[in-house]
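# Fold and geometry: a report
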Amino acid sequence: MIRKLHASYRDYFPIGAAVNTKTIQSHKETIINHFSSITAENEMKPQYFHPSEHVYNFEQGDIIADFAAENNMLLRGHTLIWHNQTPDWFFTDQGKPVSRELVLKRMREHINTIMGHYIGRTYCWDVVNEAVSDKAADPCLRKTPWLDAIGEDYIEHAFKFAREADPNAVLFYNDYNECDPVKSQKIYSLVKSLIDGGVPVDGIGMQGHWDIYLPQIDNIKRAIELYASLGVKLQITELDVSLFRFEDGTSYQEAPNELLEKQAEKYGKIFELLREYKDLFTGVTFWGVSDDTTWLSDFPFKGRKNWPLLFDDQQKPKMAFERIMNF
């Protein structure tokens, strides 16, 4: 009998995975057995949905949405407004910058069309992704084409347009390095200012691109409590636990057993903490299904293989899976 991950956490929170149109076929059995929620890894990002101003392409996104519906899974929408994977046409006309008013009009049409297409199928959306800068010396908001074209209120407009497009969707602000003391304070301050201004931010997505060394569990706990103080919903939206520090270019052909043991220990502590705070979390999503498809095998070092997920290259459960299942 298969021990199903999502079933073991039914009384805690939905368990999700990032998928694509290939993995929902090649990894179908693992996805169906272990996950109750899915997120499109890339197919619902602006460059895929909206390649030019008057062209929308929902084919790939619909394949994933149909898979979710056919298998009674929740579907997270990811992502509407981001500085990456967003075509230049949003901000230009024949190569020249366009007015703030036109960019706002394009943003509104983009959000309304996409959310309208998936209304009733996506239960939540990452409305704005990674808008906060990383360094203490930098302004709160990252310099992006959205910021340059519209101004600091572009995030406010995005959330208001999203609420207008789908009044029932849960609207998230989503970011990485969310447990770093400097950046977490920036994220907190941004979301607090939005909420204080009446902007409909329902939740904070903590991406969770972590490793076996950092962040320390105490910093994850501190960030959870900081964000929860705003009264918003929380989700871990893109969880993986790398075997390497970000700057470590070491490469292995096979995952060293001692590192897999450390990974299992880290996953165990993470999920112990998440179970403790289960009333705050409405979902935990892994950024991938198994180690053979993870984006971390090429990031930040091309060709550096990584093994950051619960299932190995053959989609078999790892020590980390066993650790979070035994509680």
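Data block above holds the structure.
Summarised in this report is the structure supplied together with it. As the structure is a prediction and not an experimental result, all values here were calculated from the model.

## Some details on the overall build of the protein chain
- In terms of regular secondary structure, the protein chain is built from 12 helices and 11 strands.
- Since a compact globule built from 327 residues should have a radius of gyration of about 20 Å, the 19 Å found for the protein chain is in line with a globular shape.
- Here the C-alpha coordinates of the protein chain stretch approximately 55 × 45 × 40 Å along the principal axes.
- Residue pairs at least 24 apart in sequence account for 77% of intrachain contacts in the protein chain once pairs closer than 6 positions are excluded.
- Accessible surface, the protein chain: about 14,300 Å² in total, of which carbon and sulfur atoms supply 48%.
- Of the charged side chains in the protein chain, 36 are positive and 48 negative; the average position of the first set lies 1 Å away from that of the second.

## Here's the deal with helix H6 (residues 100–117)
- Over its 18 residues, H6 extends 26 Å from the first C-alpha to the last, a length consistent with the 26 Å expected when each residue adds 1.5 Å.
- For H6, every residue scored as buried is listed here: Val103, Leu104, Arg106, Met107, His110, Ile111, Ile114 and Met115. The buried residues of H6 occupy one face: seen down the axis, they fall within an arc of 160 degrees.

## Notes on the nonpolar core
- Within the largest apolar cluster, 100 residues are counted, with the highest numbers of intra-cluster contacts made by Leu5, Ile111, Trp125, Phe271 and Phe286.
- In this structure, tryptophan 125 is in contact with Met44, Phe49, Gly77, His78, Leu80, Ile114, Met115, Tyr118, Ala169, Val170, Leu171 and Phe172, ignoring residues within four places of it in sequence.

## A word on the packing of helix H10 (residues 217–228) against helix H11 (residues 257–276)
- At a minimum axis separation of 10 Å, H10 and H11 run at an interaxial angle of 25 degrees. As judged from the angle between their axes, H10 and H11 are roughly parallel. The crossing of H10 and H11 is right-handed. On H11, the residues touching Ile217, Ile220, Lys221 and Ile224 of H10 are Lys266, Lys269, Ile270, Leu273, Leu274 and Glu276.
- Its residues assigned to classes, the contact of H10 with H11 comprises 6 nonpolar, no polar and 4 charged.

## Thoughts on the pattern of salt bridges
- Going through the model one piece at a time under the given rule, you end up with 17 salt bridges.
- In this structure, the salt-bridge partner of glutamate 164 is arginine 108, at a minimum N-O distance of 2.7 Å. Placement of the pair is glutamate 164 in helix H8 (residues 154–165) and arginine 108 in helix H6, with a sequence separation of 56 residues.
- Glutamate 164 gets classed as partly exposed once you look at its relative accessible area, which sits at 39%.

## Notes on the side chain of histidine 110
- Take histidine 110: it is sitting in helix H6.
- Looking at histidine 110, its side chain comes within polar contact range of the main-chain oxygen of leucine 80, at 3.3 Å.

## Some points on the pairing of strand S11 (residues 281–286)
- Counted residue by residue, S11 has 5 buried out of 6 residues, so it is predominantly covered.
- Taken together, the 3 bridges between strand S1 (residues 15–19) and S11 define a ladder with parallel strand orientation. By the bridge assignment, alanine 17 is partnered in S11 with phenylalanine 286.
- As paired strands, strand S10 (residues 233–242) and S11 are joined by 3 bridges and run parallel to one another. Bridging across to S11, isoleucine 236 finds its partner in valine 284.
- A crossover links S10 with its parallel partner S11, the connecting element being H11, and its sense is right-handed.

## Quick notes on the packing of aromatic side chains
- Scanning the entire structure with this criterion turns up 22 aromatic pairs.
- On the numbers, 5.8 Å between centres and 65 degrees between planes, the contact of phenylalanine 246 with phenylalanine 299 is edge-to-face. One end of the pair, phenylalanine 246, is in the loop between S10 and H11; the other, phenylalanine 299, is in the loop between S11 and helix H12 (319–325), with 53 residues separating them in the sequence.
- On the basis of relative accessible area, phenylalanine 246 is assigned to the exposed category, the value being 54%.
- Overall, the relative accessible area of 37% leaves phenylalanine 299 in the partly exposed class.
- An aromatic cluster of at least three residues, connected via ring pairs, comprises Tyr9, Tyr12, Phe13, Phe35, Tyr267, Phe271, Phe286, Phe311, Phe321 and Phe327.
- The aromatic ring of phenylalanine 172 is capped on one face by arginine 76, whose charged end is 5.4 Å from the ring centroid.

## Quick word on unusual backbone geometry
- Following histidine 78, the chain continues into threonine 79 via a peptide bond in cis, with omega recorded as 0 degrees.
- Relative to the assigned elements, threonine 79 resides in strand S3 (residues 74–81).
- Cis peptide bonds are those with omega within 30 degrees of zero, and the linkage from leucine 214 to proline 215 qualifies with -5 degrees.
- Inspection of the secondary structure puts proline 215 in the loop between strand S9 (209–211) and H10.
- Despite not being glycine, asparagine 177 has its phi angle at roughly 50 degrees, a positive value.
- Tracing the backbone through its elements, the reader meets asparagine 177 in the loop between strand S7 (170–175) and helix H9 (181–196).
- Accessibility expressed as a relative area gives 41% for asparagine 177, which makes it partly exposed.

Calculation notes
Residues numbered from 1 in each chain as written. Predicted model: local features only at pLDDT ≥ 70, side-chain atom pairs only at ≥ 80, totals over all residues. Heavy atoms only, no water. Helix = DSSP H or I, 4+ residues; strand = E, 2+ residues; numbered from the N terminus. Rg over C-alpha atoms; globule rule 2.2 N^0.38 Å. Contact = heavy atoms within 4.5 Å. Areas by Shrake-Rupley, 256 points an atom, 1.4 Å probe, with all protein chains shown as cover. Lys, Arg positive; Asp, Glu negative; His and termini not counted. Charge placed at Lys NZ, Arg CZ, Asp CG, Glu CD. Expected span 1.5 Å × (residues − 1). Buried < 20%, exposed > 50% of the residue type's maximum accessible area, 1.4 Å probe, protein only. Arc of directions from axis to C-beta. Core = buried A, V, L, I, M, F, W, Y, C linked by side-chain atoms within 4.5 Å. Axes fitted to C-alpha atoms, helices over the stretch in contact; angles between N-to-C directions. Parallel < 35°, antiparallel > 145°, perpendicular 65-115°, else oblique. Left-handed = near helix turned anticlockwise from the far one by under 90°. Nonpolar A, V, L, I, M, F, W, Y, C, P; charged D, E, K, R; others polar. Salt bridge = Lys/Arg side-chain N within 4 Å of Asp/Glu carboxyl O. Polar contact = N/O pair within 3.5 Å; in protein donor to acceptor, adjacent residues only side chain to side chain. Pairing = 2+ DSSP bridges. Right-handed = clockwise from strand over helix to strand, strands pointing away. Phe/Tyr/Trp six-rings, centres within 6.5 Å; stacked < 30°, edge-to-face > 60°. Lys NZ or Arg CZ within 6 Å of the ring centre and 35° of its normal.

All quantities given are derived from atomic positions and should not be read as evidence of function.
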